[in-house]
Structure formats: structure tokens, C-alpha cells
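Descriptive analysis of the structure
Listed below are the residues making up each chain.
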Amino acid sequence: MDRARLAELHGVAASYEAGPGRTVKVAEDTIVAVLAALGVDASTPRAVRDALEAHEAAARGRLLPPTVVVRGTAGLPPPLPEGTVLRVETEDGRTLPWDDPGEQALPLGGHLLRARTLDGRTASAPLIVAPRQLPGPTGRGIGFMVQLYSLLSARSWGMGDLGDLAELAAWSGRTFGCDFLQVNPLHSAVPGPPTDPSPYRPSSRRFPDPVHLRIEEVPEFAHLAGAARQEAEHLLERAAALREDVLVRSALIDRDAVWDLKRRALELVRTVPLGPGRRAAYHDFLAAQGQALDDHATWCALAEVHGPDWRSWPAGLRDPRSARTARARGELLDRVDFHCWLAWLTDRQLAAAQRTAREAGMRIGLVHDLAVGVHPTGSDTWAQQETFAAGMSVGAPPDAFSPHGQDWGLPPWRPDALAATGHAPYRELLRHLLRHAGALRIDHVMGLFRLWWVPQGYEPRRGAYVRYDHEAMLAVLALEAHRAGAVVIGEDLGTVEPGVRETLQERGVLGTSVLWFERTYGNSDDKEGNGGNSGGKETEEPLPPEKWRSACLATATTHDLPSTAARLTGEHVELRHRLGLLARPLQEEQREDAMDVAEWLAGFVRLGLLPEGPGDEEAAVRAVHRFLLRTPARLVGIWLPDTVGDRRPQNLPGTWDQYPNWRLPVADAHGRPLSLEELVASPRLHALMEDVVAARGPR
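Quick summary incoming for the structure in this document. (Residues numbered from 1 in each chain as written. Predicted model: local features only at pLDDT ≥ 70, side-chain atom pairs only at ≥ 80, totals over all residues. Heavy atoms only, no water.)

**Description of the pairing of strand β8 (residues 141-146)**
Test applied: Using a 1.4 Å probe on the protein chains alone, a residue whose accessible area is under 20% of its type maximum counts as buried, one over 50% counts as exposed, and one in between counts as partly exposed. Counting from the N terminus, the helices are the DSSP runs of H or I reaching at least four residues and the strands are the DSSP runs of E reaching at least two. The criterion for strand pairing is that DSSP finds at least two bridges linking the strands in question. Seen with its strands pointing away from the viewer, a crossover is right-handed when the path leading from the first strand over the helix to the second is clockwise.
Of all six residues in β8, six are buried, a share of seventy percent or more. Burial along β8 is two-sided: the residues Gly 141, Gly 143 and Met 145 and Ile 142, Phe 144 and Val 146 are all buried. When β8 meets strand β21 (residues 635-639), the two strands line up parallel, connected through five bridges. By the bridge assignment, Gly 141 is partnered in β21 with Leu 635. In the classification by handedness, the crossover that spans β8, the intervening helix α4 (residues 162-176) and the parallel strand β9 (residues 180-183) is right-handed.

**Describing the nonpolar core**
Basically, it comes down to this: Working definition of a nonpolar core: buried Ala, Val, Leu, Ile, Met, Phe, Trp, Tyr and Cys residues. They are joined through side-chain atoms within 4.5 Å. Whether two residues are in contact is decided by their heavy atoms, any of which lying within 4.5 Å being enough.
Ranked by internal contacts, the top residues of the largest apolar core, which has 63 residues, are Tyr 426, Trp 453 and Leu 477. Per element, the largest residue contribution to this core is eight residues, and it comes from helix α13 (residues 470-484). Those residues in contact with Leu 477 that sit more than four places away from it in its chain are Leu 134, Tyr 426, Leu 430, Ile 442, Leu 448, Val 488 and Val 509. Within the second largest apolar cluster, 60 residues are counted, among which are Leu 561, Trp 600, Phe 604 and Val 666.

**Concerning unusual backbone geometry**
Across the junction of Gly 192 and Pro 193, the peptide omega takes the value 0 degrees, indicating a cis bond. When you line up the elements, Pro 193 lands in the loop between β10 (187-188) and β11 (204-208). Here the amide bond leading from Pro 193 into Pro 194 is cis, since omega sits at -10 degrees, within 30 degrees of zero. Checked against the element boundaries, Pro 194 lands in the loop between β10 and β11. A positive phi angle, near 60 degrees, is found at Ser 250, a position not held by glycine. Inspection of the secondary structure assignment puts Ser 250 in the loop between α5 (226-247) and α6 (255-269).

**Let's talk about the packing of aromatic side chains**
For clarity, the cut-off: Only Phe, Tyr and Trp rings are paired, with Trp represented by its six-membered ring, and only when their centres lie within 6.5 Å; those with planes under 30 degrees apart are stacked, over 60 edge-to-face, the remainder tilted. A ring is considered to have a charge above it if a Lys NZ or an Arg CZ atom is located within 6 Å of its centre and within 35 degrees of its normal.
Scanning all chains against the criterion turns up 17 aromatic pairs. Their ring planes at 90 degrees and their centres at 5.2 Å tell us that Trp 171 and Phe 176 sit as a pair that is edge-to-face. Here Trp 171 and Phe 176 have matching classes, each one buried. Relative to Phe 604, the ring of Trp 600 lies with its centre 6.2 Å away and its plane at 45 degrees, an arrangement referred to as tilted. Taken together, the residues Trp 600 and Phe 604, both in helix α17 (residues 586-606) and four residues apart, mark about one turn of the helix. Comparing Trp 600 with Phe 604 shows no difference in burial state: the two are buried. Clustering of aromatic rings is evident, with ring pairs tying together Trp 516, Trp 548, Trp 600, Phe 604 and Phe 627. Here the guanidinium or amino end of Arg 450 rests over the ring plane of Tyr 465, the centre of that ring lying 3.6 Å away.

**Comments concerning the pattern of salt bridges**
Note the following rule: Salt bridges, as used here, are contacts in which a Lys or Arg side-chain nitrogen is within 4 Å of a carboxyl oxygen on Asp or Glu.
Summed over the entire model, instances satisfying the criterion amount to 63 salt bridges. The residue Glu 612 makes a salt bridge to Arg 626 at a minimum N-O spacing of 3.9 Å. Here Glu 612, found in the loop between α17 and α18 (617-630), pairs with Arg 626, found in helix α18; they are 14 residues apart in sequence, far enough to count as distant. The exposure class of Glu 612 is partly exposed, given its relative accessible area of 35%. Residue Arg 626 is classed as buried on the basis of its relative accessible area, which comes to 17%. Overlapping salt bridges, with partners in common, bring together Glu 91, Arg 427, Arg 431, Glu 480 and Arg 483 in one network.

**So, the packing of helix α1 (residues 2-9) against helix α3 (residues 45-61)**
Quick note on the threshold: Between N-to-C directions, angles span 0 to 180 degrees; the directions come from axes that are lines fitted to C-alpha atoms, helices contributing only their stretch in contact. Left-handed describes a crossing whose near helix is turned anticlockwise from the far helix by less than a right angle; the clockwise case is right-handed. Following the grouping adopted for this structure description, the nonpolar residues are Ala, Val, Leu, Ile, Met, Phe, Trp, Tyr, Cys and Pro, the charged ones are Asp, Glu, Lys and Arg, and the polar ones are all others, Gly among them.
Relative to each other, α1 and α3 sit at 40 degrees, their axes nearing to 10 Å. Crossing hand, α1 versus α3: left-handed. Of the residues in α3, those touching α1 at Asp 2, Arg 3, Arg 5, Leu 6 and Leu 9 are Val 48, Ala 51, Leu 52, His 55 and Glu 56. Tallied by class, the residues present in the contact of α1 with α3 amount to five nonpolar, one polar and four charged.

**Brief notes about the sheet that holds strand β19 (residues 511-514)**
Taken in spatial order, the eight strands line up as β18-β15-β12-β9-β8-β21-β20-β19 in an open sheet, and their pairing is parallel. The two strands at the open ends of the sheet, each matched to only one other strand, are β18 (487-490) and β19. Geometrically, the sheet is characterised by an average inter-axis angle of 25 degrees between neighbouring strands, direction not taken into account. Note: strand β15 (residues 439-442) against β18, four bridges, orientation parallel. Note that in β18 the partner of Ala 439 across the bridge is Val 487. Contacting β8 and β21, helix α20 (residues 683-696) runs over the sheet at an angle of about 150 degrees to β8.

If you want it as C-alpha cells, here you go:
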């Protein structure tokens, strides 16, 4: 009992609800391991008593909470002894008295609050003053969703790049009046070979990966001369061969081969001196990014020498603040500067892509994606070791889709470490991501409230939920989104803790609603959908369009789900059967899947959205999108591969080398890869988008 109380005090749940009326108790050894990762010894009854006494003593002596949050500029401080004097040291260097809480307006920002009681006690704590709500989209918007690597053009070096992103944004904005273009996380990857192709297991979420650069659009490229120019032309020829391998010979996207060519080209480009204006801009970038960029570039340089797993480096180099690391940074200064320069070039091309999107009439522009975590061996975990929980991994408890639970191999942030810094690492991360974004998608947005921690060596089902200060996390999110003028979209699919979606909606975070998951789930009186399976029976009816929630991005699929054509034809079931992923006999799965699809198609017919009737796959795809536009959703996303009938999922959860996850180009209904130039000329795409634009109505 004492151990459970200690766990609760530190935000560790001793049990969880696995379903309606089914409570699962967390194993004692799991609680001990999770508490140890938070710096709390609970290994023996005596240790538990000591930890409880220490926590209670600290609570008695604490005047202010670890982080103070104020929503709205005239909020209230935490309860304090009468006569306590409050001063606010603002982020811009001012000191303000806080004499009239609730009436006195404080400036938005991340400040420091100081308190002094009448008996002379003093305390300080980070103070976050945030808007009450996040910015929302202006009017209703439509846009494409695409995995950037899969979008190859006639100028790509074997995978989609930021030049392709800008082209797609300009074309879709000007041709169809699209308001946004959502892409996969562009975070920096752990270098290979082989590089993990998943964009959701990055080395760093703070900096983008230079593999996305369009080399020819680096201004200094045009000034290569002599032998360097000849070498660059040779690399261009090899890049063209890589591109042809993917688009013509149906090879998989080879990220390592692409980066090998781009890295060599960039080494040549770097020999061209920057002009005075460009050099000044580069220096400004270095000054603005500060320690974070220096750490990231240092990790990249050290990884070139010692390999990408910092945990196996010589002891002195495992500490980013050690004297040995400082010496190594000096010895590798040219390589450190190289990686800083790459970050700057990538930042510039991201800025150009967003600028192009807005100039094309997009009201939002680029929607960047924030992965739920980072690779345990990468740049962020090396530079911010005190912020991550050692020996823990984020995952999910058992459910109907994953009966053994999930371990995602991503170390979680420590909530106590975040609170001690006023959630500074999270603020810094958001600032980096929102520099050139009109919106941000947050993968597994429920992680702002709690995450499932799995101790190293444990089965995923033997984890525990750990709570985060969601008020502070949402306040930081609101503050940074407000400053960037950015919309926030939360991926809230699947089973979600009660009250989370309501809180997110009240704060202005849009949810994600996927058509096939929107059902009544035993409550036909619901006025709005909930964005996913809430635990009800799978046989419940499709949710009528007017009952969908409005505060969402509505779509037919995502990168982790079957394409719409594969869903309609049942090919996704056959694929999972071939790979041995079905938990039931093939015929049983096919029968249930066919009934599900038939139910939706019948609904489309009743609503007059499928005048062609069932049996026409292309017409059914258009009906799906007509339905989405019939809902009140603020944003409607069109999965770009759906526009050309692509059958293949970009990622098939539960597979590793059995399926080419994250390595497929966009293809047509016959599996033939399509270039960007072919895609934008597709009659099938134009027929679908004509329906979408007509259903949307005037902007």
C-alpha cells in the first residue's frame, strides 16, 4: 500500500483501466523499476518509508510548485500564505510586481516567479503565461498529406526532397486552392549504414535532416568550377541513376545511397566561400540556435569517428559537458562547422518551401509532424541525458490490436526533469519545429497527459503509465503556437483516457478523425465523433457526417493504415495474410472486412454520394472524400497516394524486414511508381480533386 501511495505521489499509476470495468494492477517490480528511473528508491519497505518521508518533507517546505501555469494574462497564482509578495522576472528582462492577481495582466511568455512571505521565506519557480486557446484555422481547409521521401520528381536524387515539397505546395495551392500540405517528420536520423528509415525514430527532433536538401538549390552550387564542377556533374549522373532505379526499375528508396551522394556533393559545395550577406546570415543562425545546435553538430562529428551509439563511445565523450568532449569538439571543429552549415542550409530550404506555400494562397502552408520520441542512441539523448528516463522505453499496454502490448524503443522524458526547468526542453523543441510551419501535427498527442513506460528487458505488457503535467505541457504548446501563428493537430486515434479529447478540444487542439473508425459505438445520441475506437462493439453503425466533431482533421487514412483503394478492395487483408499478421483465419477476416466496407458504401449511396453505385473503385474513393466534405471538420486531408489509386501502405505496423516500410514511392493502381510530374497530370487525381473542390465550396 505504501509503495502504491509513493508511486501515485510521483505520477506512476499502480493500475490502469484495460477496458470498461476491467482494472489491471501493475506488477510491483515494474513500479520499483519506474520509480528508480525517476530517482526514487522503492526497492524495500524501509526505502519506501524513507522516500515517503522525504517527499512529505519537501512538500511541507515548498512554497511554490515546480512550474506555475497561468492561462490568460490575468490568471491566478497557486495558493500562498497571506501577505506573500510576488515578483515576476519576465523573459525580456523586466521585473514586475504581481500585486493584483486575477486583475493584473501579465505578458505572455516564459518567466520566473519569485515569492517572499511575511516571515521571510523565499521561493522561485518558472512561470508560464499562455493564451487560453491555441490559434485555429481560418475557415475550412483542404490539403494533401504525403510522406516526402516517397514524392520523387525528375530532379530528385533518389528520394523526395524539399524542392519537391515546394513544387507540390505551389501546384496544389494554385490549382486546387489547397490550404495545407502535411508531411512526415523531417527530423534528423541516426546515421547508418543502414539508417533506420522510420521518420518516427530520429536522432534529434530539434533539427531537420539534410538528406532532404535539394543540392542544386544551394546558391554556392552554381559557382563550382574546374575539377569540383566535373565531380559534381558525375554525382548528378549517379543521382539520376538512383532516381531511375526507383521510378523505372521499381527499386526501393535507398536513403543511405542518396545521402552518400548528397554528402559528397555538399563537401564540394562547401569549398565555395559564402558571400558577405550569406555569411552574415549563417552567423545569425549560429547565434540564434546556440548550445542546442553546437551539441547536435558535435554529436554528428563524434558519430563519424566513434559510431552512432554514444553509449559505446569512450567514457569521457559520453558526457557532452566533459573536458574531453570540449577537447574533441576543438579537434573536430571543421566537422562540427560542417554539420552546423548543413542545419542552416536545411533551415533555409524549409523556409523557402513554407514561403512558396503561402505565396500560392495556402492559409496554413506546411504541416510538420512531431514524432513521439527519439532514438536512444541519438543526438538528443546525448545532449539532454538528464531529461530522459534511463532504462525506460515508451510503448502501449495490451489492446485488441496488440494483445502483448507495444514497445516503441523510444526513451521518455522525465516529468520531474521537465518541471524543474519550466519545461524548457519542450519549449525549445516546439520553437525549432514551428520556425517554418503553419501547423504542427503531434503524434500520439495523449502523451502530453501520460505515457506507457516499459522497463528495459521487460515485456511491453509489464509497463506502467506515468503522468505528465498536462497543464504545463498544453500551456507551453499554446504559447509557442500563438507566437508562431500555427494550428496544432493532435493524433488522438485509438483508446484515449476519458476527458483527454475534451480537454484538447477546449484548448484549441484539433483532433484526427479517420473515416473507417468513426462509428456510433453504442451511443447513437452522440453529437460528435470521438476520432477513434472508444471500446464499443465493432458492429456499430457508421457515424453520420453531421455527427462528426468539427474540431478535427478528417481523413480517409494515415501512413500507418491501408490506402483507401486497398481498404475498398480488401487487398490490405490479403497483404497481412501473406505476411502472417492475421490473428484469425483469412476467410473470417475477409468476411468482416467486406461487411464493414459494404456498410459504408451503402451509407454513401443513401446520402447520394455514390451515384455510380458499388462496384466502381475509383468512384468509391471519390465518394469517401465527398463524405468527408459533408462533415463539419475544420480541415480535410487527402492522402496523396489515394489520388492515384496506390494500394501499398507506407508502413505496416508489426513488421520490420518482412515489408519495405518507409521505402516506397507513390505508385498508381498497378504499383507503377509515379514521378511528381506524372502525378500532377493524373486524370484520376484531377477527377477526385474536382469533386473535393466542388464539395468544399467557396473559400
